[in-house]
Structure formats: C-alpha cells, structure tokens
Amino acid sequence: MKKLITLLLVITSFAAFSQRRTCATMDILHKRMETDPEFAMRHQEMMDFIYNPNNPQTLFRQPNAPSIVVTIPVVFHVLYSNATQNISDAQINSQLTVLNNDYRKLNANFNTAVPAAFRPLAADMEIVFCKATRTPTGVATTGITRKSVSTSFDLETQYYENAGEPAWDTTKYLNIWIGQFPTGSDILGFANLPETGVVGSSFDGLCIGNQYFGTTGTATAPFNYGRTATHEIGHYLGLLHPWGDDGVACGNPYIDPQTPSNDDRVSDTPETRRWYFGCPTFPTNTYSCATTANGSMFMNYMDYVDDACMGMFSNGQKVVVQNTLAGPRLSLLSSNGCTSLGLNEVAAIKAIAVYPNPASKYFMITSPQVDIDEVEIFNTVGQLVKTQKLAQANNVINIEDLASGTYYLRIYNAGEFLKSDKIIKK
C-alpha cells in the first residue's frame, strides 16, 4: 500500500505535508490552530488567493501574454549516516529527469497510466527544474550538498537545522533534503505549503527518504519512479490531495481549514471520499463521491497510488500552481541560481505582486526582479493612511488597524515610484 497520508509537522509551523498511513493531519492542524489563533485566518486567505480560478494577478494568463515556461533552481541536500545513504549523483539526476518529464507532460507512462477519458484534462505545467549552478553568494556549485550526520539524526525534525543542512535562500531556491527516516517510520516525504510565515523560512522546501527518491540506487519499489518528489512539489506549489482532508465523508465542501472537507477546490478532479493505493483498474468508483462512467482520477500525481500508476496533473491544478507562482512563490522566478531566469518574458515592475487580496490583517508584497524599499497606502479619498519600509523580496504588511474597504498602494525604490496597485481590506 502506498504509505502516503499528509501530516502537518508542528515543529515546522503550519504548512508541512507528510505521507503516512495514519490519519493525523487534521488533529495536528487543529493543535496548531489552538496554539496560533491567527493560523486559520492566514491559511484561509492564502488558499483563497491561490485557488481563485479567476485571479487577475496570475502573470501567466494575462491577455495576449506569451506562454511562459518557468525555471526553478533546485539544491539537493544529501544527509547520510552511512555510505549507502550517501546517494549518487546519478540517482539525483534520475529524479531531476522525472520532475522535468512529469511537469512538462512528457512522462513515458502518460498514455498507459492515464486513460483516454482523462487525457484531455491533463496539463503541461510549464515548469522546468534545474540543478543550481551558483550558490546564494555567487560561487559555482553542482547543486548538491552532502553532509555526514549521526546515527541518531532525526530527518523529520532536524533536516534544516545545524545538525542537518541549513537551507539556501528559500526565496530563490527549491531546497530538497534527502535522508532516511527512522526505522519503522511510514513517512515517504513532506513539503511546505506556500503560506505567510512559511515562504522564505529556514524550513521551507521538501524532505524525502532516499528509498523513495529517483529511479535508481537506493530507490525501492513501488516508490522507485520518482513520484514522491513530484507529489511533494505539488504541495510546495499549493496543491492539495484530490480528496481534500483525509477520510472525510462525501458532501463536505471546503468552507475553512477547521471544517473537514472532501473538496480539493479544483473543479476537474472528481471528488472522492479518500485516497487510492496500489494500481487500481480504470474505471473505478470505489471511493468516488458520485458514480460516473470514468470514476476517480486515481492516476493523478496528488493521489497515493504506486509510482508506476501515476501520470498526470489536471488543468485545474495548473491554475492553482500558476497562482502560487504569481504570488507567494513569485521570487523563485527571478532567481539566478541557474544560468537562465524564469521570468525573462515579463517586465520586472509588472512582476511585483500583492497578495492575498482581499485580506483581513496581513498582505504580502513580493518583488523578485527589482528592488523596492517603501509602500504608501491611501484610502479612497486620497489620504495617506500608512507608510511602511520594505527590506525583503517578500514583505508582510499589517493592515489590522485599517477599516474595511479599498486602499490604493504606491510602491517605491530609493524615492522613485515604480508601481501602483490596490488591496481590499475585509
């Protein structure tokens, strides 16, 4: 059985998706909400932003805009306590090949894993992954770090700490840690959703067991086709499981993160009441919420079937990923971690993003390609109500003290006006 049930790790705040057989996700999520009263609000607003199919800020769907293939630099951190766990460059390269095939709809098993009925819904995600060629300080690199760790090292909790390998700038690189979870653990891997307080943090990225990584070396069947990384990067880019929460009865629509739901908020992934394991035979309605001729889309990369039986993302999931890349993960697109930039076709100033919008207490301004150092906020009668200095690629703006309504933004660098925008305060 595919040992994949999402688990939110408390130690890495509120956005870590794990893969387990036990259904602990919502229990841990609720515990986090109890310790952080604003968690549910922040989570809700960011999910509303990236799951809005009509999000006007999505760079990739602007009128008459050319198709954009995004390049995301990746750094692989190998953490090992013996020679076997120190996986080869060849195994890492095999995983990179899988990612580039899966995210461009070039996977060799597409026609065998995806039935004809679902092929028109399958998406080329227009994302390419490259091994970093330079470090955050500009030094040439292979895109791979290696570190010997103690036999007591806990990959699940220490991967990004000094005992493991601290992340490279997570606003510019996708960090992937590869190691081994403790004996008896059911975890294949986990990633972090793109949320306020997570993006740019020291723990942002994904963590995978070496037995489930790539297609050679230590990769072990039935998880030896590299699909654990494909699945977890889906979470990293904002995607949920097709069934929403784990094991929830049908008829529970998504309302807020505290309400159990079987809805992943994507219209073209048929609703199911739970996950599929192994290699089901098409069509199957075993866990479908509505019996149809085509049944469930169990071959979706975000389900839990065996690696060999996964084969597609949907067009609706692509919209979510595009919204994520136009908002919380926008800074990845201008990283110089590889030789090419992901936003060459988009003007730097247009790439400044404001999200989520509307917002209740906080919104973010991301500017991946041009420096910004100040934002002014005006009300609808032209009064300046707030000024804030900006110092990062991703800046959190607190608007809790403002009344509900529409506000206009003016964004500057060194006194030069760059862009105007607007934010709606709920």
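Coordinates for the structure precede this section.
Being a predicted model, the structure only gives us computed values, none of them experimental. (Residues numbered from 1 in each chain as written. Predicted model: local features only at pLDDT ≥ 70, side-chain atom pairs only at ≥ 80, totals over all residues. Heavy atoms only, no water.)

Novice: Please clarify how the overall build of the protein chain should be interpreted in this entry.
Specialist: A tally of helices and strands in the protein chain yields seven helices and 14 strands. The buried share among the 426 residues of the protein chain stands at 59%. By sequence separation, contacts in the protein chain at least 24 residues apart represent 67% of the contacts at least 6 residues apart. Accessible area for the protein chain stands at about 16100 Å²; split by element, carbon and sulfur atoms hold 51% of it. (Helix = DSSP H or I, 4+ residues; strand = E, 2+ residues; numbered from the N terminus. Buried < 20%, exposed > 50% of the residue type's maximum accessible area, 1.4 Å probe, protein only. Contact = heavy atoms within 4.5 Å. Areas by Shrake-Rupley, 256 points an atom, 1.4 Å probe, with all protein chains shown as cover.)

Novice: Please clarify how the sheet that holds strand β13 (residues 405–413) should be interpreted in this entry.
Specialist: Paired through backbone hydrogen bonds, the strands of a sheet run either parallel or antiparallel to each other. Taken in spatial order, the four strands of this open sheet run β11-β10-β13-β14, and their pairing is antiparallel. Sheet topology places β11 (384–389) and β14 (416–425) at the edges, where each strand pairs with a single neighbour. Neighbour-to-neighbour, the strand axes of this sheet turn through a mean angle of 20 degrees, independent of strand direction. Where strand β10 (residues 374–378) meets β13, five bridges bridge the pair, whose relative direction is antiparallel. Bridge pairing in β13 places E376 opposite R410. (Pairing = 2+ DSSP bridges. Axes fitted to C-alpha atoms, helices over the stretch in contact; angles between N-to-C directions.)

Novice: Sorry, what's going on with the sheet that holds strand β9 (residues 362–366) here?
Specialist: Overall, antiparallel pairing links the three strands, which are arranged β8-β9-β12 in an open sheet. The two strands at the open ends of the sheet, each matched to only one other strand, are β8 (353–355) and β12 (394–398). Neighbour-to-neighbour, the strand axes of the sheet open up by a mean angle of 20 degrees, direction not taken into account. By the bridge criterion, five bridges tie β9 to β12 in an arrangement that is antiparallel. Along β12, the bridge assignment pairs M364 with V396.

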